[in-house]
Amino acid sequence: MSRGRWSLRLLTGCLALSLGSGYVASAAPAPSGQPATARPAGAAEPFCYSEPSNPQADVSDLRAAFNASNWMRTLQAMYQRRWPSGEKLAIAQAKDKYWDQFVNKRSFEGFAESMMVAIHEETHMWDLDPSRTKWDVSIAAWINGSRQATQVPVHGGFPRKEILPLIKDRLTASMDNTYLRDATQGTYRLQGVLAEQNAGLTGLPAVTVVHEYIKGVGASNARDIAATNLRYLLLYLRVAKTKHPDYWAKIKAEPKLRELVLTQFLRTAYWLEKSAPYTGVVGGPDADKITATNYAPENIAILEEFTGRTVRKDAQKHCTAD
């Protein structure tokens, strides 16, 4: 599938939702608030996901000077102060011709709101670049500015629509219709699950750190999207084990894939916690309900079996317990 066709399809789906060894897990925070040294998923000690962000950093000068011609410079400067990973992604993707499709340049407030879609889509562009990803064979994932997952084997898989029977509520109905019931999207396999999960999750900090400037509803389901895509990943693992045991054995034997899944689980918990005070601006009331289902015993059990790690279920959900 060409990059252009993929990006257009993803943009359509994302806009519809808006309107209606690669790992990065760090030990407990180091002194002075700096991220601690990353530990592999097989390490014996507990570890936690974290990354630098400063939502209180002053960007009033950037807002005052913003115009349609300096938006990329503004984007990089804004995230340099508030979310360095966003700045580094913007630098890495600065020459991508699709940026203009995703960014609102009419006002700083519209610009900030559009970052959920823009960063989501540019994460796709980085992850799915043919130099990094071989469709249904191996994947890449931009995790944050200091670490990216690369050459992670996925071994094909089965259509993601097979997880639908495990969804017993309507909390994720709009996304289910787009990503699971759609005649094309529903056929995507593990590649599609992981790609959407990473892009949706990266779009959450993109708007969390500029929450006070968001006046519309264009980012109002960012938390819901992150929680839903984690749901899909956990359910996909459950179906793999029960319905496709040979495939389950293949992916469970891939250390880089196990590391990525664990990292994404902890990373989702981290940003859902960071964004929780801004529910209403970057998420709706269903986000926490979806998250609660992700911590159901059967979902935690499959995560822990697949990764070989025990995760915490208390206030430190972004950490492992062992």
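Residues numbered from 1 in each chain as written. Predicted model: local features only at pLDDT ≥ 70, side-chain atom pairs only at ≥ 80, totals over all residues. Heavy atoms only, no water.

Student: Would you explain the overall build of the protein in this entry?
Tutor: In terms of helices and strands, the protein carries 13 helices and two strands. The 322 residues of the protein split such that 59% are buried. Looking at the protein as shown, the accessible area adds up to about 13000 Å², and 52% of this sits on carbon and sulfur atoms. (Helix = DSSP H or I, 4+ residues; strand = E, 2+ residues; numbered from the N terminus. Buried < 20%, exposed > 50% of the residue type's maximum accessible area, 1.4 Å probe, protein only. Areas by Shrake-Rupley, 256 points an atom, 1.4 Å probe, with all protein chains shown as cover.)

Student: Explain helix 3 (residues 71–82) here, please?
Tutor: Structural remark: α-helix, 3.6 residues per turn; residues separated by three or four positions point the same way. Compared with an ideal rise of 1.5 Å per residue, which puts 12 residues at 16 Å, helix 3 spans 16 Å between its outermost C-alpha atoms and is within 8% of the ideal. Taken as a whole, helix 3 has its buried residues at W71, M72, T74, L75, A77, M78, Y79 and R82. Here the buried face of helix 3 lies against helix 2 (60–65), helix 4 (84–92), helix 5 (99–102), helix 6 (108–127) and helix 8 (190–208). (Expected span 1.5 Å × (residues − 1). Contact = heavy atoms within 4.5 Å.)

Student: Just to check I follow, could you spell out the environment of G86 for this structure?
Tutor: Inspection of the secondary structure puts G86 in helix 4. Relative accessible area serves as the criterion here: at 0%, G86 is assigned to the buried category. Along the chain, G86 and G145 lie 59 residues apart, while their C-alpha atoms are 7.2 Å from each other.

Student: Just to check I follow, could you spell out helix 9 (residues 222–243) for this structure?
Tutor: The end-to-end C-alpha distance of helix 9, which contains 22 residues, comes to 31 Å, matching closely the 32 Å that a straight helix rising 1.5 Å per residue would cover. Where burial is concerned, most of helix 9 is hidden: 19 out of the 22 residues are buried.

Student: Can you walk me through the packing of aromatic side chains in this structure?
Tutor: Pairs of aromatic rings are described using the distance from one ring centre to the other and the angle between the two planes. All told, the structure shown has 14 aromatic pairs when counted by the stated rule. Ring geometry for Y79 and W83: centres 5.1 Å apart, planes at 85 degrees, overall edge-to-face. Both rings, one in F158 and one in Y247, keep their centres 6.1 Å apart while their planes meet at 85 degrees; by these two values the pair is edge-to-face. Taken together, the residues span a long stretch of sequence, with F158 in the loop between strand 2 (148–153) and helix 7 (173–179) and Y247 in helix 10 (residues 245–252) at a distance of 89 residues. Taking relative accessible area as the criterion, F158 reaches 2% and is therefore assigned buried. A cation over a ring is seen here: K317 above Y295, with NZ or CZ 5.6 Å from the ring centre. (Phe/Tyr/Trp six-rings, centres within 6.5 Å; stacked < 30°, edge-to-face > 60°. Lys NZ or Arg CZ within 6 Å of the ring centre and 35° of its normal.)

Student: Quick question: what am I supposed to make of the nonpolar core here?
Tutor: One broad trend across soluble globular proteins is that nonpolar side chains are buried collectively. Counting 90 residues, the largest nonpolar core has M78, Y79, W99, F111, M115, L190 and F265 as the members making the most contacts within it. The element that contributes the greatest number of residues to this core is helix 9, accounting for 13 residues. In contact with F265, not counting residues within four places along its chain, are L230, L234, Y295, I300, L303 and V311. (Core = buried A, V, L, I, M, F, W, Y, C linked by side-chain atoms within 4.5 Å.)

Student: In this structure, what is going on with the state of the cysteines? I would like to understand it.
Tutor: A covalent bond bridging the sulfur atoms of two cysteines is what the word disulfide describes. This model, assessed by the stated rule, comprises one disulfide. Linked covalently through their sulfurs, C48 and C319 form a disulfide whose S-S length is 2.0 Å. The sign of the S-S torsion, about 105 degrees, decides the handedness of the disulfide formed by C48 and C319: right-handed. Of this pair, C48 sits in the loop between helix 1 (3–19) and helix 2 while C319 sits in the segment after helix 13 (297–307); the two residues are 271 residues apart in sequence, bridging distant segments of the chain. Per residue, the accessibility class of C48 equals that of C319, and both read buried. (Disulfide = S-S within 2.5 Å.)

Student: Help me understand the pairing of strand 1 (residues 138–142), please; the structure alone is not making it clear to me.
Tutor: The side chains of a regular strand alternate, first on one face of the sheet and then on the other. Strand 1 sits mainly inside the fold: five of its five residues count as buried. Strand direction decides the pairing type here: strand 1 and strand 2, joined by four bridges, are antiparallel. By the bridge assignment for strand 2, S138 is matched with P153. Two successive antiparallel strands, strand 1 and strand 2, enclose a turn made up of five residues. (Pairing = 2+ DSSP bridges.)

Student: How do you make sense of the confidence of the model for the protein when you look at a structure like this?
Tutor: For any part of a model where pLDDT is low, the fine detail of the predicted coordinates should not be relied upon. For the protein, per-residue confidence averages 89 on the pLDDT scale, and 86% of positions sit at 70 or higher. Across residues 1–42, confidence stays below pLDDT 50; counting only partners more than four residues off in sequence or on other chains, it has 101 contacts. (pLDDT = per-residue confidence, 0-100.)

Student: What am I meant to see in the pattern of salt bridges here?
Tutor: In this structure the tally under the stated criterion is 12 salt bridges. Close ionic contact of R189 with D136 constitutes a salt bridge, the shortest N to O distance being 2.8 Å. Taken together, the residues R189 in the loop between helix 7 and helix 8 and D136 in the loop between helix 6 and strand 1 connect sequence positions 53 residues apart. As a salt-bridge pair, D288 and R223 come within 3.3 Å of each other at their nearest N and O atoms. Residue D288 is located in helix 12 (residues 286–294), and its partner R223 is located in helix 9; the two are separated by 65 residues in the primary sequence. Assessed through its relative accessible area of 2%, R223 is described here as buried. (Salt bridge = Lys/Arg side-chain N within 4 Å of Asp/Glu carboxyl O.)

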